[in-house]
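What the coordinates show
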Amino acid sequence: MKYVDEFRDGTLAAGLARAIAREVDRGRDYAFMEFCGGHTHAISRYGVADLLPANVRMIHGPGCPVCVLPIGRVDMAIGLALARPEVILCTYGDCLRVPASEGLSLLKAKARGADVRMVYSAADALALAVREPAREVVFFAIGFETTTPPTALVLRQAAAQGLANFSVICNHVLTPPAIAAILGAPEVRRLGSVRIDGFIGPAHVSTLIGSRPYEAFAAQYRKPVVIAGFEPLDVMQAILMLVRQVNDGRAEVENEFTRAVSRDGNAKAQAVVAEVLELRPSFEWRGLGALPDSALRIRSAFAAWDAEAKFGLEDRPVADNRACECGAILRGVKQPVDCKLFATACTPENPMGSCMVSSEGACAAHYNYGRFRDSEALPAQD
Amino acid sequence: MPSARLAHARPLDLRNGRIELAFGAGGRAMAQLITELFARAFANDWLARGDDGAVLPAPGPGERLVMATDAHVVSPLFFRGGDIGSLSVHGTVNDLAVMGARPLYLAASFILEEGFPLADLARIVDSMAAAARAAGVAVVTGDTKVVEQGKGDGVFITTTGIGALPAGRDPGGAQARPGDVVLLSGRIGDHGMAIMAQRESLAFDAEIVSDSAPLNGLVEALYAAVPAAAIRVLRDPTRGGLATTLNEIATQSGVGMTLEEAAIPVAPQVHAACELLGLDPLYVANEGKLVVLCAPAHADAVLAALRAHPLGTEAARIGAATADAQHFVQVRTALGGRRMVDWLAGEQLPRIC
């Protein structure tokens, strides 16, 4: 496919692999975190690890929207959809399988009679509300900065049209506070526990917020950041750039994804978001806990379209399964195979933790794409 | 001729009529539906007799019987490249064909929803009859039930088929051995994406046409080209796509597989639509593709036979079975890395960003 396959070319990949192998210092290890689930998916889907030297390790970060969505928020949506037959609850596909309390998920709630529908965009949800004037259409909005402007836009459109049967449960979260939380985590700060030598910065998120927000981390924590596109060659190019920064002792923000990302991002989209949404003082992230100023809520001027206000929904924090290591995995402290539940009690068919839900989650990516490596690492059986 | 027909006052209104509960009640209305719609379209002596079943001749000497059944609940009922009628014939014909059998007879059972337009039903039944003729099978018996409005999705069709398996043919999911070559008869994902593109919730206008087709001719061409024992496994990768089919075979046979991603044919439109929706074509349904695992010495002959048939012009050799105690299906990606291709978990849902 034109303009996509060029970024998945095997010959170019082999060239980049040789360049990375040439540049790495054999006397040391490199550990880089890709923040975004999109990068996690690309790395696993295309087998990028096979093209990297043994001393370059990728740590999968928390940038998977459904992975960091706390159980309490999903419970809230399920409760609403089950309690009110007039409600059509719509959300993005990935969200439907997120495990919630009492063994439920939105898909399982659907089987119990809730009207839960998958949409491909916020605009689809708004169009559904127009088509179904007798029903209450509630859009369960999740995602990082990428999916936020469309949510803000439909809220503004609903307000402009006076569309009374549409509302949004806003779960949008912000990338920079999550990166700060990882860098500030005790495991990362305490030397020798978890080492992160640099970050691959988000692709689509950065098209919105620009590269400037990462400059503070690079300077404060002395960690290089390379913003990269979601194609496998982008990822490999970013790894090469990170290796060079580490070798040179630099900690800069570099932009591999210049075809889409500028320093200041998309001002128009930022303005729409600022008009409709505002910072939540605190929001619970699965795996990272409550982080200040890390999420967005709907401004009071748009309260009539805020499902939390409209239906009096309460946010009740719910603890993860105690054996589930999603939290540590999301912080890069543990790997999927370190979790006792991985591939035993927790599988993509029956996810216990959120990292097993989306193929962008570290556990699901490893289960679906990389599990064969675990048996290769074991001694051969007779 | 059934005597009930004589008592009909008026013929069925195939233009504006709708399915009523009486059409499934066993009385004259049902008899009329059977004679004027089903028996006329499927036109054979077995149906014309109007009995409760069909009396069929015994298979040829040395032949065994193969039976398969398939229920069809597709939405939308009409899609680019086919409809639930043709699909219900191809589904069961293909299940018989990949057993190595020559499909002969079908039984068809219809669950109709009250209020469903008779014109649409006639279109579906005509399409089914045309598909059966093209595949060389006869619809010899059937059943009709009507459910109240709101309790069905228009039409559900279940077909059950009987085929004759010639002596010496014994393909099966458990027959693959390490070293066997994996071949595919053409592009994957066309059916699933054609359906998805047409679903109401997805305003996605791509010229993707379902590949729904009967595979018995292609299978016969294979057996004409190579010794029967060389063909270890035949499968049609329907729901769950190629990935699921290969995992089934790997598990049944106790082997692993290694595929070359770049060798797996995917139409550019399907590739683009999957890319947009965050889907993997390996998991998207097909209704007219054949997967063959054969002995390595005969792989070239199998490939040539596939390519010589109109349904296999884009056939490709996509990989090989391996010795692997874990029965993993692996792919060498176009990028040059490796990954697993696992069973489909749940429904295939698009990723968010």
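Residues numbered from 1 in each chain as written. Chains lettered and ligands numbered in written order. Predicted model: local features only at pLDDT ≥ 70, side-chain atom pairs only at ≥ 80, totals over all residues.

Each helix and strand in chain A was counted, giving 15 helices and 11 strands. Counting only residues that meet the buried cut, chain A has 53% of its 382 residues in that class. Contacts in chain A between residues at least 24 apart in sequence constitute 75% of all its contacts with a sequence separation of at least 6. (Helix = DSSP H or I, 4+ residues; strand = E, 2+ residues; numbered from the N terminus. Buried ≥ 20, exposed ≤ 12 C-beta atoms within 10 Å, placed from the backbone. Contact = placed C-beta atoms within 7 Å.)

Before going further, it helps to examine the overall build of chain B. Secondary structure summary: chain B contains nine helices and 13 strands in total. For a compact globule of 353 residues, the expected C-alpha radius of gyration is about 20 Å, and chain B comes in at 22 Å, within 12% of that figure. In terms of overall dimensions, chain B has a C-alpha envelope of 70 × 55 × 35 Å along the principal axes. Buried residues in chain B amount to 51% of all 353 residues. A separation threshold of at least 6 residues defines the contact pool for chain B, and within that pool the share at least 24 residues apart is 85%. (Rg over C-alpha atoms; globule rule 2.2 N^0.38 Å.)

Now for the domain arrangement of chain A. Residue and element names in this part refer to chain A. Per the domain assignment, the segments of chain A are domain 1 (5–66 + 176–255) and domain 2 (71–174 + 266–310). Taking the mean C-alpha position of each, domain 1 and domain 2 sit 31 Å from one another. Contact with domain 1, which involves 13 residues of that partner, is made by 19 residues of domain 2. Contributions of two or more residues to the side of domain 1 that touches domain 2 are made by β2 (56–63), α7 (175–184) and α9 (204–209). It is α9 that provides the largest number of residues to the side of domain 1 that touches domain 2, a total of five residues. The class makeup of the residues in the side of domain 1 that touches domain 2 is 10 nonpolar, three polar and no charged. (Domains from an automatic or database assignment. Nonpolar A, V, L, I, M, F, W, Y, C, P; charged D, E, K, R; others polar.)

All names here are of chain B. Look at helix α3 (residues 84–97) against helix α4 (residues 118–135): their axes get within 6 Å of each other, and the N-to-C directions meet at 35°. Remark: the crossing between α3 and α4 carries right-handed chirality. Across the interface between the two elements, I84, G85, S86, S88, V89, H90 and V93 of α3 pack against I124, V125, S127, M128, A131, A132 and A135 of α4. Tallied by class, the residues present in the contact of α3 with α4 amount to nine nonpolar, five polar and no charged. (Axes fitted to C-alpha atoms, helices over the stretch in contact; angles between N-to-C directions. Left-handed = near helix turned anticlockwise from the far one by under 90°.)

Taken together, the contacts link 40 residues of chain A with 25 residues of chain B. For the side of chain A that touches chain B, the elements supplying multiple residues, two or more each, are α1 (10–23), α2 (37–45) and α15 (362–377) of chain A. Looking at the side of chain A that touches chain B residue by residue, the class counts come to 17 nonpolar, 15 polar and eight charged.

Further remarks concern the confidence of the model for chain B. Any region with low pLDDT has predicted coordinates that should not be read closely. All names here are of chain B. Looking at chain B as a whole, the pLDDT averages 92, with 93% of positions reaching at least 70. Confidence drops under pLDDT 50 across residues 1–6; counting only partners more than four residues distant or on other chains, this segment forms seven contacts. Across the assembled chains, the prediction reports ipTM 0.84 with pTM 0.89. (pLDDT = per-residue confidence, 0-100.)

To continue, consider the domain arrangement of chain B. All names here are of chain B. Partitioning chain B into domains gives domain 1 (6–165) and domain 2 (181–340). With centres defined by C-alpha atoms, the gap from domain 1 to domain 2 works out at 29 Å. Opposite the 18 residues of domain 1 that make contact, domain 2 presents 19 residues. When contributions to the side of domain 1 that touches domain 2 are tallied by element, the ones reaching two or more residues are α3, β4 (102–113) and α4. Among the elements that make up the side of domain 1 that touches domain 2, the one with the highest residue count is α3 (six residues).

What follows covers helix α11 (residues 232–248) of chain A. Helix length check: α11(A) (17 residues) gives 24 Å between terminal C-alpha atoms against 24 Å at 1.5 Å per residue, within 8%. Counting buried positions along α11(A) gives 14 out of 17 residues, so the element sits mostly inside the fold. (Expected span 1.5 Å × (residues − 1).)

Another point: the packing of helix α5 (residues 190–198) of chain B against helix α8 (residues 268–277) of chain B. All names here are of chain B. The contact between α5 and α8 brings their axes to 10 Å, and the two run at 60°. Relative to α8, the element α5 is oriented oblique. Classified by chirality, the crossing of α8 by α5 is left-handed. Here α5 contributes D190, M193 and A197 to the contact with α8, which in turn contributes V270, A273 and C274. Of the residues assigned to the contact of α5 with α8, the class counts are five nonpolar, no polar and one charged. (Parallel < 35°, antiparallel > 145°, perpendicular 65-115°, else oblique.)

All names here are of chain B. Read from one edge to the other, the open sheet built from four strands follows the order β1-β6-β4-β5, with strand pairing classed as mixed. A strand with exactly one partner marks an edge of an open sheet, and here the two such strands are β1 (64–72) and β5 (138–147). Across this sheet, the average inter-strand angle for adjacent strands is 15°, counted without regard to direction. Sheet analysis places β4 next to strand β6 (residues 155–165), joined by 10 bridges and oriented antiparallel. Directly across from A107, in β6, lies its bridge partner T160. Packed on one face of the sheet, α4 meets β4, β5 and β6 and runs near 170° to β4. (Pairing = 2+ DSSP bridges.)

Attention now goes to the nonpolar core. Within the largest apolar cluster, 238 residues are counted, with the highest numbers of intra-cluster contacts made by A:L89, A:M236, A:I239, B:A132 and B:L183. For this core, the element with the highest residue contribution is α11(A), accounting for 10 residues. Not counting the four nearest positions on each side in its chain, A:M236 is found in contact with A:A13, A:L16, A:A17, A:I20, A:V48 and A:L51. (Core = buried A, V, L, I, M, F, W, Y, C linked by C-beta atoms within 7 Å.)

This next bit is on the environment of B:K151. Topologically, B:K151 is positioned in the loop between β5 and β6. Along the sequence, B:K151 and B:E114 sit 37 residues apart, while their C-alpha atoms lie 8.6 Å from each other.

All names here are of chain A. Counting buried residues in β2 gives seven out of eight residues, a clear majority hidden from the surface. Strand direction decides the pairing type here: strand β1 (residues 30–36) and β2, joined by six bridges, are parallel. The residue bridging C36 from the neighbouring strand is G63, located in β2. The handedness of the β1 to β2 crossover, carried by α2, is right-handed. (Right-handed = clockwise from strand over helix to strand, strands pointing away.)

So, on to the sheet that holds strand β13 (residues 338–340) of chain B. Backbone hydrogen bonds are what pair the strands of a sheet, in a parallel or an antiparallel way. Residue and element names in this part refer to chain B. Taken in spatial order, the seven strands line up as β8-β10-β7-β11-β9-β12-β13 in an open sheet, and their pairing is mixed. Each edge of the open sheet carries a strand with a single partner, namely β8 (231–235) and β13. Across the sheet, the mean angle separating the axes of adjacent strands is 25° when strand polarity is ignored. With three bridges connecting them, strand β12 (residues 329–332) and β13 associate as antiparallel partners. For V331, the partnering residue across the bridge sits in β13 and is R339.

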